Amino acid sequence: MFFRENEKVCLFIDGANLYSASRNLGFDVDYRNLLTFFRSHCNVIRAYYYSAVLDTEEYSPLKPLTDWLAYNGFFLVTKSAREFTDQNGRRRIKGSMDIELAVDMMEIAPHIDHAVLFSGDADLRRLVESVQRQGVRVTVISSVKTNPPMVGDELRRQADQFLDIVDIAPEFTRRTGDSNQQNDIPNPTIPFTD
């Protein structure tokens, strides 16, 4: 990884995208360790987490996770999601956070040296290019080792640095079903789509 200790870094985590990648690869993200990992390599000034949330239910399975994140060093950005049933009859949630992520990254770009984007969404390529023109280095974290790959080629090529989440996952993950590690950090249980 190429991070400078003194550079100002901001993390932008597309929650649905990271959830899909981690599920596909068979691990759960330990968000406490994720933040600790990056803080040990650079000066993290903000860590944003983006998630669409269903407002129609009294209880959402995402609520414990979003509450935990909000109280433990993450800036939580949410909006209402839309629920639908897919062609296989499965309940799905639709709520793209691309615009919210783009606005936040553009606003903070003049104040940071490095943006770390946890997403493989190729729609964000133009955002990355724009932020780079402002002098900000951009690292994209996603995976080409999932089937199909979670990262779009256009986004991967645009990034100053691409890190496959598989290569750094041991620093901040726990295996699915591992109940011995930090049970106080909840995990989302509803699959989201863009």
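Residues numbered from 1 in each chain as written. Predicted model: local features only at pLDDT ≥ 70, side-chain atom pairs only at ≥ 80, totals over all residues. Heavy atoms only, no water.

A. Broad picture of the side chain of Ser119. The topology assignment puts Ser119 in the loop between strand E7 (114-118) and helix H5 (125-133). The contacts of Ser119, once residues within four sequence positions are left out, are Asp14, Asn17, Leu124, Val140, Ile141, Ser142 and Leu155. (Helix = DSSP H or I, 4+ residues; strand = E, 2+ residues; numbered from the N terminus. Contact = heavy atoms within 4.5 Å.)

B. Examining helix H3 (residues 63-71) more closely. Within the span of H3, buried status applies to Leu65, Thr66, Trp68 and Leu69. For H3, the arc enclosing every buried residue in end-on projection is 160 degrees, short of the 170-degree limit, so these residues lie on one face. In the core, the buried residues of H3 are packed alongside helix H2 (31-41), strand E3 (43-53) and strand E4 (75-80). One or two positions beyond H3, positive phi appears at Gly73, with a value near 95 degrees. (Buried < 20%, exposed > 50% of the residue type's maximum accessible area, 1.4 Å probe, protein only. Arc of directions from axis to C-beta.)

C. View of the packing of helix H4 (residues 98-108) against H5. H5 packs onto H4 with a crossing angle of 5 degrees between their chain directions and a minimal axis gap of 10 Å. Accordingly, the angle class assigned to the pair H4 and H5 is roughly parallel. On H5, the residues that touch Leu101, Ala102, Met105 and Met106 of H4 are Leu127, Ser130 and Val131. Among the residues forming the contact of H4 with H5, the class breakdown is 6 nonpolar, 1 polar and no charged. (Axes fitted to C-alpha atoms, helices over the stretch in contact; angles between N-to-C directions. Parallel < 35°, antiparallel > 145°, perpendicular 65-115°, else oblique. Nonpolar A, V, L, I, M, F, W, Y, C, P; charged D, E, K, R; others polar.)

D. Summary view of the packing of aromatic side chains. Within the structure shown, the criterion is met by 9 aromatic pairs. Both rings, one in Tyr48 and one in Phe75, keep their centres 5.7 Å apart while their planes meet at 45 degrees; by these two values the pair is tilted. Placement of Tyr48 in strand E3 and of Phe75 in strand E4 is noted, with a sequence separation of 27 residues between them. According to the relative accessible area criterion, Tyr48 is buried, its value standing at 13%. Members of the aromatic cluster, connected to one another through ring pairs, are Phe3, Phe37, Phe38, Phe118 and Phe172. (Phe/Tyr/Trp six-rings, centres within 6.5 Å; stacked < 30°, edge-to-face > 60°.)

E. Focus on H5. Turning to H5, its buried residues are Leu127, Val128, Ser130, Val131 and Gln132. Where H5 terminates, the next one or two residues include Gly135, which has phi positive at roughly 95 degrees.

F. Quick look at the nonpolar core. Counting residues in each nonpolar core, the largest one holds 29 residues, and the members touching the most others are Leu11, Tyr31, Phe38, Phe74 and Phe118. Elements represented by at least two residues in this core include exactly strand E1 (8-14), strand E2 (27-29), H2, E3, H3, E7 and helix H7 (165-168). Filtering out sequence-adjacent residues up to four positions away, Phe74 remains in contact with Ile13, Tyr31, Leu35, Ala47, Tyr49, Trp68 and Leu69. (Core = buried A, V, L, I, M, F, W, Y, C linked by side-chain atoms within 4.5 Å.)

G. Spatial organisation of the pairing of strand E8 (residues 137-142). Burial within E8 is extensive, with 6 of its 6 residues counted as buried. Alternating positions in E8 separate into two faces, Arg137, Thr139 and Ile141 on one and Val138, Val140 and Ser142 on the other, with burial throughout. Where E7 and E8 come together, 5 bridges link them in parallel fashion. By the bridge assignment, His114 is partnered in E8 with Arg137. As for the winding sense of the linkage, the β-α-β connection from E7 through H5 to E8 is right-handed. (Pairing = 2+ DSSP bridges. Right-handed = clockwise from strand over helix to strand, strands pointing away.)

H. Summary view of the sheet that holds E1. Pairing is parallel across the open sheet formed by 6 strands, whose spatial order is E4-E3-E1-E7-E8-E9. At either end of the open sheet lies a strand with only one pairing partner, and these are E4 and strand E9 (161-164). Within the sheet, the average angular offset between the axes of one strand and its neighbour, ignoring direction, is 15 degrees.

I. Spotlight on the pattern of salt bridges. Taken as a whole and assessed by the stated rule, the structure comprises 11 salt bridges. Here Arg125 ties to Glu129 by a salt bridge, and the two come within 3.2 Å at their closest N and O atoms. Residue Arg125 and its partner Glu129 are both found in helix H5; the two are separated by 4 residues, about one turn of the helix. Given a relative accessible area of 24%, Glu129 falls into the partly exposed group. Several salt bridges share partner residues, and in doing so they unite Arg125, Arg126, Glu129 and Arg133 into one network. (Salt bridge = Lys/Arg side-chain N within 4 Å of Asp/Glu carboxyl O.)

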